[in-house]
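Coordinates in review
What follows is the residue order along each chain.
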Amino acid sequence: MTGHRDPVVVVGAGITAPGGLSPAELWASLCEGRSFAEPFEDARLPPDLRVLVARVAGLDAAAHLPPAQVRRFDRCHHLAVAAAADALGAMAGAMPPPERCAVVCGVGVGANGYHERQHEELLRNGLRALNPLTVPVVMPSSPAALLSLHFGFRGPLLTVCTACASGATAIGEGAELLRRGAADLVLAGGVDAPVTYSLVCSFLRLDAMTRTIADVDHASRPFDADRDGFLLAEGAGFVVLQRASDLPSGAEVLGTVAGYGTCADAHHLVAPDPEGAGALRCMRLALADAGVVSADIGHVNAHATSTVAGDRAEAVALSALFSAGSPPVTAVKGTTGHTIGGSGAIEAIMTMHALRSRVVPPVAGTRRLDPDLDLDVVVGKPRPLGSGYGLSNSFGFGGVNACLVLGPPS
């Protein structure tokens, strides 16, 4: 990080994901190399469209929201509030005034389950059966709005919608709010609950999802020679960001947001640039923002969705960035699947966990690394990690790229 900047630090983190209802639970699942794929059961799917997905187990929305709001809102709202509440509960020290507390929430597809249910009500029972609050609930801005209402934050309220890069973009833009003095605390992260009938069918029609159905432990297999698409999943991750100079003495710091980069491929609506040019430029922007060079990176948490084209493009970009050989690379989606808008935030939190623990978790599900990809991918068991920064990558449909350079607590 450049010397004149007040570091932006992470003082709280919360996760609701397949494999864990907290950062510690998900970390244990990653280190064990576990997968959480399960069948998507819906009688409307024809037999040839049976697929695996990943869901969050054990979430008690009523522990965070009153019954009326549990009913009023969508699964994505439940996931977001639970993760955000844990993130705020983990921080130490006094809260700034509400007017100085901001929310930046990333979302890819939003409250699609709620939208589906209301559409079915409309078709089945007519206009008066439609909930009058349908529009404000299904708007992409609604998770951010609910977080602001729930926690009483009256500072900047932003929704980031950059497809699968949304969670990482939210953290990067949250750090920028602090750097320019627009807030003193930022709740930043991402969420999605896309495991719905219409979206499962849509992703299948796009030929983006894995068709592996017999082997639940290897449905999501980033960088594997036999990878065939992502495992659609739900999840949320949120962090609490503050300036280091604002913290009370002795406050626990989980990590630093040292650098942030974002750019576009301008190549295709779905496919990444096969040469990884946009991804490479984005990583270089993040390194420059942090004031570090590629040799300072000790660990990469790859976007790695387990698609043939996406993993290859990222590998090409990483090979170009680390011309002398990549540092240890892992991919959280081997365990969680692809949580769309939640993925970048979940992965950033796990990257900071790796830096604190000095351990790189293996990529779950991956058995036979693609020999055409020149990366040091960690498989089989965790590997000790040396010093350095972590690089967390997030790329999405439309050619959007977002990269975070994350540092250890000190």
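For the structure, see preceding data.
The rules we used
Residues numbered from 1 in each chain as written. Predicted model: local features only at pLDDT ≥ 70, side-chain atom pairs only at ≥ 80, totals over all residues. Heavy atoms only, no water. Buried < 20%, exposed > 50% of the residue type's maximum accessible area, 1.4 Å probe, protein only. Helix = DSSP H or I, 4+ residues; strand = E, 2+ residues; numbered from the N terminus. Disulfide = S-S within 2.5 Å. Axes fitted to C-alpha atoms, helices over the stretch in contact; angles between N-to-C directions. Parallel < 35°, antiparallel > 145°, perpendicular 65-115°, else oblique. Left-handed = near helix turned anticlockwise from the far one by under 90°. Contact = heavy atoms within 4.5 Å. Nonpolar A, V, L, I, M, F, W, Y, C, P; charged D, E, K, R; others polar. Expected span 1.5 Å × (residues − 1). Core = buried A, V, L, I, M, F, W, Y, C linked by side-chain atoms within 4.5 Å. Salt bridge = Lys/Arg side-chain N within 4 Å of Asp/Glu carboxyl O. Pairing = 2+ DSSP bridges.

**Section: helix 6 (residues 142–151)**
Along helix 6, the residues that are buried comprise Ser142, Pro143, Ala144, Leu146, Leu147 and Ser148. Count one or two residues on from helix 6 and you reach Gly152, which has phi positive near 75°.

**Quick notes on the state of the cysteines**
In the structure shown here, the tally under the stated rule is zero disulfides. Of the cysteine sulfurs around Cys161, a residue in no disulfide, the closest is that of Cys105, at 10 Å. Residue Cys161 is classed as partly exposed on the basis of its relative accessible area, which comes to 47%. Take Cys201: it sits in no disulfide, and the sulfur closest to it among the cysteines is that of Cys164, at 18 Å. Residue classification places Cys201 among the partly exposed residues on the basis of a relative accessible area of 23%.

**Thoughts on the packing of helix 3 (residues 75–90) against helix 6**
It is the contact of helix 3 with helix 6, at a shortest axis distance of 10 Å, that shows an interaxial angle of 45°. Judged by the angle between their axes, helix 3 and helix 6 are oblique. Judged by the sense of rotation from one axis to the other, the crossing of helix 3 with helix 6 is right-handed. Residue-level contacts link Cys76, His77, Ala80, Val81, Ala84, Ala85 and Leu88 of helix 3 to Ser142, Pro143, Leu146, Leu147, His150 and Phe151 of helix 6. Residues that form the contact of helix 3 with helix 6 fall into these classes: 10 nonpolar, three polar and no charged.

**Remarks on helix 4 (residues 112–125)**
Helix length check: helix 4, at 14 residues, gives a terminal C-alpha distance of 20 Å against a target of 20 Å (1.5 Å per residue), a fit within 8%. All of the buried residues along helix 4 are Asn112, Gly113, Tyr114, Glu116 and Gln118. In this fold, the buried residues of helix 4 make contact with helix 2 (67–72), helix 5 (134–138) and helix 8 (197–205). Trailing helix 4 by a residue or two, Gly126 shows a phi angle of about 90°, which is positive.

**Description of the nonpolar core**
When a protein is soluble and globular, its nonpolar side chains tend to lie buried together. Residues Ile171, Val186, Val239, Leu241, Val257, Met350 and Leu404 are the most contacted members of the largest nonpolar core, which totals 43 residues. Residue contributions to this core peak at eight residues, all from helix 12 (residues 343–357). Not counting residues within four places of it along the chain, the set of residues in contact with Leu404 comprises Ala168, Ile171, Gly172, Val257, Gly259, Tyr260, Ala348, Gly390, Leu391 and Ser392. Counting residues in hydrophobic clusters, the runner-up holds 36 residues, among them Cys105, Ala111, Tyr114 and Ala251.

**Description of the pattern of salt bridges**
One pass over the full model with this rule turns up 21 salt bridges. In this structure, Glu99 and Arg154 form a salt bridge, with 3.3 Å as the shortest nitrogen-oxygen distance. Taken together, the positions of Glu99 in the loop between helix 3 and strand 4 (101–107) and Arg154 in the loop between helix 6 and strand 5 (157–160) put the pair 55 residues apart, joining distant regions of the chain. Residue Glu99 is classed as partly exposed on the basis of its relative accessible area of 44%. Between Glu347 and Lys333 there is a salt bridge, with its nearest N and O atoms 2.6 Å apart. Taken together, the residues span a long stretch of sequence, with Glu347 in helix 12 and Lys333 in helix 11 (residues 333–336) at a distance of 14 residues. Lys333 shares its class with Glu347; the two are buried. Each of Arg5, Glu176, Arg179 and Asp289 takes part in one network of salt bridges that share partners.

**Focus: the sheet that holds strand 10 (residues 329–330)**
Taken in spatial order, the 10 strands make up an open sheet running 5-4-6-7-1-8-14-13-9-10, and their pairing is mixed. Each of the sheet's edge strands pairs with one partner strand only, and the pair in question is strand 5 and strand 10. With eight bridges connecting them, strand 1 (residues 8–16) and strand 7 (residues 235–243) associate as antiparallel partners. What sits directly across from Gly12, in strand 7, is Val240. Running over the sheet, helix 12 touches strand 1, strand 6 (185–192), strand 7, strand 8 (255–264), strand 9 (297–301), strand 13 (389–396) and strand 14 (400–407) and is turned about 165° from strand 13.

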